[in-house]
Amino acid sequence: MADVARQLVALVLHPDRRVEELSEARFDELPALIRDPQTLVWLSVTAPSGDDIGRLAEAFGLHELAVEDLRRRNQRPKLDTYANQFMIVVYEAVSDGDHGSAEVHLFVGRGWVLSVHWAPTPGLDAARHRFRESADEETDTAGELLYALLDATVDSYFPVLDTISDRIDGLEDRVLEGDTDRESLREILSLKRRLLELRRVLAPMREVANALLRHDLPIVRESALPYYQDLYDHLVRVLDQVDLYRDLLASVLDARLSVVSNSLNTIMKRLTALTVVLMVPTLIAGIYGMNFHAMPELSWPLGYAWALGLMAVSVTAAVVFFWRRDWF
């Protein structure tokens, strides 16, 4: 995962629908704006330093356990409830080879949202741009803004799954064409690992969406519940696709093993046929090489030609026999 530069972007939605971006020099105004019930504050933080985390904890009154999670990172997707605030850990899918997931910590209170991440998050960046340029009536509360951010993270998985689907289709075609090299096996195992990682992230994210849908967060208004229902449906759909692709990969792996087994059987059949073909003239030569005095061919002038001809006829007959049965 590529490293990103430190960045802090503070956006304030005022009652007149005007969105103001605060410079870092004005961040001391944030506590007052957070306490103002008429404003909505969104602070997006990228790659914060240890000092930044300390200042964020002081400005937003973050719980010490939430701060500990921020410092340790690599958290499981979850929803933690603290006094007057909530912390949600989610992951945005990022196209970065076979391993691309950006960890995002979302802190939500009445009238403010704090998002923290350490890797590129195109989905959240697009949501921030939309909020800055055209904040509408559907994002005038922390609950609606939280939905927009969660929806961006969930939607990021669809292009990734489309790419995985195309790769599986290509693997199926290659396996059916008889491709059994190590590269195809390496790709199958890499995709299986990627899907396992996706499911490990998406399953708890579904539980987070379910908790939000049950109205566990008081900041989620009744009118926003259909949107969270849609979010939950998207997560169920994504998980279904992940499970489907895992089954398809298992089928591709089984087909590859069958192709390898069939190839081995074909080789064994050819070697067996070749052994029989070579064994016939060897048998004839062995018989005529015993040199018994009672063998009439020993004194026959055409005995040598007869033995060679018999070998040739026997080999030809064996080759024709196996050729008709597709052993060659």
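Residues numbered from 1 in each chain as written. Predicted model: local features only at pLDDT ≥ 70, side-chain atom pairs only at ≥ 80, totals over all residues. Heavy atoms only, no water.

Novice: Break down the overall build of the protein for me, with residues and values.
Specialist: Counting its regular elements, the protein contains nine helices and seven strands. Since a compact globule built from 328 residues should have a radius of gyration of about 20 Å, the 35 Å found for the protein marks it as more spread out than a globular shape. Overall size of the protein, expressed as C-alpha extent along the three principal axes, is 120 × 40 × 30 Å. With 328 residues in all, the protein has 44% of them scored as buried. Of all intrachain contacts in the protein linking residues separated by at least 6 positions in sequence, the fraction that spans at least 24 positions is 68%. Approximately 17,600 Å² of the protein is accessible, and the part contributed by carbon and sulfur atoms is 55%. The average position of the 34 basic charges and that of the 50 acidic charges among the side chains of the protein differ by 6 Å. (Helix = DSSP H or I, 4+ residues; strand = E, 2+ residues; numbered from the N terminus. Rg over C-alpha atoms; globule rule 2.2 N^0.38 Å. Buried < 20%, exposed > 50% of the residue type's maximum accessible area, 1.4 Å probe, protein only. Contact = heavy atoms within 4.5 Å. Areas by Shrake-Rupley, 256 points an atom, 1.4 Å probe, with all protein chains shown as cover. Lys, Arg positive; Asp, Glu negative; His and termini not counted. Charge placed at Lys NZ, Arg CZ, Asp CG, Glu CD.)

Novice: Describe the packing of helix α6 (residues 157-176) against helix α8 (residues 225-288), listing the residues and the values that go with them.
Specialist: The geometry of α6 relative to α8 is characterised by a closest axis approach of 10 Å and an angle of 15 degrees between their N-to-C directions. Viewed along their axes, α6 and α8 adopt a mutual orientation that is roughly parallel. Considering how the two elements wind past one another, α6 and α8 form a crossing that is left-handed. From α6, Tyr157, Phe158, Leu161, Ile164, Ser165, Ile168, Leu171, Glu172 and Val175 reach across to α8, where they touch His234, Arg237, Val238, Gln241, Val242, Tyr245, Leu248, Leu249, Val252, Ala255, Arg256 and Val259. Considered class by class, the residues forming the contact of α6 with α8 number 15 nonpolar, three polar and three charged. (Axes fitted to C-alpha atoms, helices over the stretch in contact; angles between N-to-C directions. Parallel < 35°, antiparallel > 145°, perpendicular 65-115°, else oblique. Left-handed = near helix turned anticlockwise from the far one by under 90°. Nonpolar A, V, L, I, M, F, W, Y, C, P; charged D, E, K, R; others polar.)

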